[in-house]
There are 2 protein chains.
Amino acid sequence: MIFSCKPKLVLTDKQKTLIEKIGISYESEGLQPVAGRILGLLYVSDNPHLTFDEITEALQISKSATSNGINLLLQMQRIEYITFSGDRRRYFRLKVSNWREEFKHKIEVMAGFNSLMREVLALRTKETPEYNERIKELADFLDYVFQQLPLLLQQWDQEKTRKS
Amino acid sequence: MIFSCKPKLVLTDKQKTLIEKIGISYESEGLQPVAGRILGLLYVSDNPHLTFDEITEALQISKSATSNGINLLLQMQRIEYITFSGDRRRYFRLKVSNWREEFKHKIEVMAGFNSLMREVLALRTKETPEYNERIKELADFLDYVFQQLPLLLQQWDQEKTRKS
DNA sequence: CATTAAGTTCATAATTTTATGAACTAAAAA
DNA sequence: TTTTTAGTTCATAAAATTATGAACTTAATG
């Protein structure tokens, strides 16, 4: 083996703190703790490509925890990996460009809630018109947002193109 | 005591199913199961005002679970209650009109994540300009959305006023 | 004054989530 | 062929979350 006595990944205290903060932020959105911290690490680490072992060591977690976390994030399309011939390891990195998909996904979650509101409206007694009207207002607003957000994305793209 | 041999709250199967679905939806956003189900019940129930006991019975949960759930939801401003003189019970109801606040709150959560991204940018090595640029793009987009969403609310209000 | 009604509190039980370490696999290197 | 590397799998341990029931509180009723 010719290459790569890779210098061991060392993190400053600031980096560690920020990784934790990012981890907690993802955790509070429902992601598993380890997975959130892996994302944090990939955001913060000087090298955007990290191996399985580097992740395991940097976060001081077990190999199984790393394995779980990585596979979850791969499946969620939050990370991906590249390889180099003659090197069996995978080099994981964020799919940062994927924020578009994430954004759309969030909109879909919102839409899912809204379809529940429509079910509520269909099922509710007609004896409470004011109350039903308020639920309808909520549903209508969500529809409105749902309809406008893709436009926002478009406008953003246009501004980008104009600038470059 | 003169009044109110209230007819016992009975739920159809459809209602029960929808309550569960709404409960799960809230649960997946991080709310406690019982709290999510209480919200579901208040959405679905013919009577939008329910007492502590009605909630306990309808959901078949313990008094302490009801107490916890209700207090959490009160504190989160997701429900409120009214009272009638000569009746010690509280009548709980959704703060449906509160979706505005919720919406704003979600935007704030997004903004919180974004400030983490700004921290990341400040801390990252300058050796990876392309990568940093992609993170910056994400942060900029989130800023853009953050700035545009209140405008959406305004536009919605205007449309509303125009209609009525 | 005793009782009931409307809840709250708290210790504990049940469940779920998360992480671990040891054993395993499959491919590459020696 | 043996060893090493890069992981995976699985049984279990540890921790956190949730729900329960019994005892308690506080105000109103009889």
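A brief structural summary. (Residues numbered from 1 in each chain as written. Chains lettered and ligands numbered in written order. Predicted model: local features only at pLDDT ≥ 70, side-chain atom pairs only at ≥ 80, totals over all residues. Heavy atoms only, no water.)

**Thoughts on the packing of aromatic side chains**
Counted by the stated rule, this structure contains 14 aromatic pairs over all chains. Relative to Y26 of chain B, the ring of F113 of chain A lies with its centre 5.4 Å away and its plane at 70°, an arrangement referred to as edge-to-face. Of this pair, F113 of chain A sits in helix 5 (residues 99–123) while Y26 of chain B sits in helix 1 (residues 13–27), placing the two residues on different chains. Taking the ring centre of Y81 of chain A as reference, the NZ or CZ of R90 of chain A above it sits at 5.1 Å. (Phe/Tyr/Trp six-rings, centres within 6.5 Å; stacked < 30°, edge-to-face > 60°. Helix = DSSP H or I, 4+ residues; strand = E, 2+ residues; numbered from the N terminus. Lys NZ or Arg CZ within 6 Å of the ring centre and 35° of its normal.)

**Concerning the relation of the copies chain B and chain A**
When chain B is brought onto chain A, the operation consists of a screw motion whose angular component is 180° and whose axial shift is 0.0 Å, with 0.1 Å RMSD remaining. Such values leave the two copies arranged in the relation of a two-fold axis. Take the interface residues of chain B: 100% of them recur as interface residues in chain A, which is what a same-surface contact looks like. (Least-squares fit on C-alpha atoms with pLDDT ≥ 70 in both. Contact = heavy atoms within 4.5 Å.)

**Quick word on the protein's contact with DNA strand D**
Taken together, 17 residues lie around DNA strand D, and K63, S67, R88 and R90 of chain A together with S64 of chain B are the ones closest in. Each atom of DNA strand D within 4 Å of the protein was assigned to sugar, phosphate or base; sugar and phosphate come to 56%. In this structure, R90 of chain A approaches DNA strand D through a side-chain N or O atom, which is 2.8 Å from a phosphate oxygen. Backbone polar atom of S62 of chain B to a phosphate oxygen of DNA strand D: 3.0 Å apart, as the coordinates give it. (Near = heavy atom within 4 Å. Polar contact = N/O pair within 3.5 Å; in protein donor to acceptor, adjacent residues only side chain to side chain.)

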